[in-house]
Amino acid sequence: MKVSIIVAKGENNAIGKANGLPWHLPSDLKHFKESTRGHHVVMGRKTFESLDKPLPGRTHYVVTRNPSYQVPEGHAVFSSLENALEAAKAKGLDRLFILGGAEIYRQAVPYTDELIVTEVHARPDADTFFPELNLDEWEETERVHVDHLNTKDEYSMDFVVLKRK
Ligand SMILES: NC(=O)c1ccc[n+]([C@@H]2O[C@H](COP(=O)([O-])OP(=O)(O)OC[C@H]3O[C@@H](n4cnc5c(N)ncnc54)[C@H](OP(=O)(O)O)[C@@H]3O)[C@@H](O)[C@H]2O)c1
């Protein structure tokens, strides 16, 4: 099973503010939807609660220490990241996406084969940050620049893929 982290992060590693995103980037949301559609996605309870409702067309595995936490039918709750990864493997999935937030990313990096990173060209005020990566362990395999001029995006960005060496 290939495990991919997908994240949008600022130049200061910012990923979140007040349990939301610190920017308005429709092009990144489109990229995120296209990358994850039809797949199983793992997230922390706080990220799950930052969504209005589950993301259409994706099965959500929500990680929480609350044993009575409920999610809508068709989705599932796990008491640890490792339990979610085991369940995904046992189900025979060939692909799993880690959707964050910071707490889950930090724990997931050692299990991750690929990082799908939107490098946002900004340093926004934030309260949640992506962990520092050891870049010796990762090789950049793709980079596409997206300029925000004449778009509804607040900032320019690069869509980058890094594979574990
Ligand atoms: N820019 C991006 O790409 C991106 C992506 C995702 C999220 N975000 C942002 O990130 C922020 C949320 O991140 P966060 O770090 O605060 O929270 P989070 O990682 O989404 O969720 C944290 C929660 O997950 C549960 N959890 C974490 N580790 C666990 C473990 N080992 N076992 C069981 N449960 C565990 C706990 O839930 P309980 O408290 O219920 O026990 C914990 O409070 C938001 O601002 C969101 O918008 C940004």
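Structure first, text after, so check above.
Just so it is clear, the model here is predicted, and its values are computed rather than measured.

Student: Sorry, what's going on with the site of the ligand here?
Tutor: The environment of the ligand is formed by 28 residues, the closest being G16, G44, T47, G100 and G101. Broken down by secondary-structure element, the contributors of at least two residues to the shell around the ligand are β1 (2-9), β2 (14-16), β3 (40-44), α2 (45-50) and α4 (102-108). Its residues assigned to classes, the shell around the ligand comprises 10 nonpolar, 14 polar and four charged.

Student: Can you help me understand the sheet that holds strand β7 (residues 114-120) in this one?
Tutor: For sheets, the rule is that strands pair by backbone hydrogen bonds, running either parallel or antiparallel. Pairing within the open sheet is mixed, and its eight strands lie in the order β5-β4-β3-β6-β1-β7-β10-β9. Pairing within the sheet leaves two strands with one partner each, and these edge strands are β5 (76-78) and β9 (138-146). Each adjacent strand pair in this sheet contributes to an overall mean axis angle of 20 degrees, direction not counted. The pairing of β3 with strand β4 (residues 59-63) spans five bridges and is classified as parallel. In the strand pairing of β4, M43 is matched with V62. On top of the sheet, helix α1 (residues 26-36) reaches β1, β3, β6 (95-98), β7, β9 and β10 (157-164); it is set at about 175 degrees to β1, its chief contact.

Student: Explain helix α3 (residues 81-90) to me, please; I cannot follow it from the model alone.
Tutor: What sets the pattern is the α-helix's 3.6 residues per turn: residues three or four places apart point alike. All of the buried residues along α3 are A84, L85 and A88. Projection of α3 onto a plane perpendicular to its axis shows the buried side chains occupying an angular sector of 100 degrees, all on one side. Turned more than 90 degrees away from the buried face of α3, the exposed residues are E86, K89 and A90. Elements in contact with the buried residues of α3: β3, β4, β5 and β6. Where α3 ends, the next residue or the one after it, G92, has phi of about 80 degrees, a positive value.

Student: Please clarify how the nonpolar core should be interpreted in this entry.
Tutor: A general tendency of soluble globular proteins is for nonpolar side chains to be buried together. Among the nonpolar cores identified, the biggest contains 31 residues, and I5, V42, M43, I98, L99, I104 and Y105 are the most heavily contacted of them. Not counting chain neighbours up to four residues away, the residues in contact with I98 comprise V3, S4, I5, V42, I104, Y105, A108 and T112.

Student: When you look at the environment of E103 in this model, what are you seeing that I'm missing?
Tutor: Checked against the element boundaries, E103 lands in helix α4. With 16 C-beta atoms counted inside 10 Å, the residue E103 sits in the partly exposed group. Taking the C-alpha atoms as reference, E103 lies 30 Å from D147; in sequence the two are 44 residues apart.

Student: Looking at this structure, I do not really get unusual backbone geometry. What am I missing?
Tutor: A negative phi holds for most residues other than glycine; trans holds for most peptide bonds. Following G100, the chain continues into G101 via a peptide bond in cis, with omega recorded as 0 degrees. Locating G101 in the fold gives a position in the loop between β6 and α4. Despite not being glycine, N19 has its phi angle at roughly 55 degrees, a positive value. Structurally, N19 is set in the loop between β2 and α1. The class of N19 is exposed, set by 12 C-beta atoms lying within 10 Å. A positive phi angle is found at N150, which is not glycine, with a value near 60 degrees.

Student: Please clarify how the pairing of β1 should be interpreted in this entry.
Tutor: Two faces belong to every sheet, and in a regular strand the side chains alternate between them. Sheet topology places β1 next to β6; four bridges connect them, and they run parallel. Counted as the bridge partner of S4 is F97 from β6. As paired elements, β1 and β7 share six bridges and run parallel to each other. From the neighbouring strand, S4 faces β7, where its bridge partner is E114.

Cut-offs used in this document
- Residues numbered from 1 in each chain as written.
- Predicted model: local features only at pLDDT ≥ 70, side-chain atom pairs only at ≥ 80, totals over all residues.
- Near = placed C-beta within 6 Å.
- Helix = DSSP H or I, 4+ residues; strand = E, 2+ residues; numbered from the N terminus.
- Nonpolar A, V, L, I, M, F, W, Y, C, P; charged D, E, K, R; others polar.
- Pairing = 2+ DSSP bridges.
- Axes fitted to C-alpha atoms, helices over the stretch in contact; angles between N-to-C directions.
- Contact = placed C-beta atoms within 7 Å.
- Buried ≥ 20, exposed ≤ 12 C-beta atoms within 10 Å, placed from the backbone.
- Arc of directions from axis to C-beta.
- Core = buried A, V, L, I, M, F, W, Y, C linked by C-beta atoms within 7 Å.

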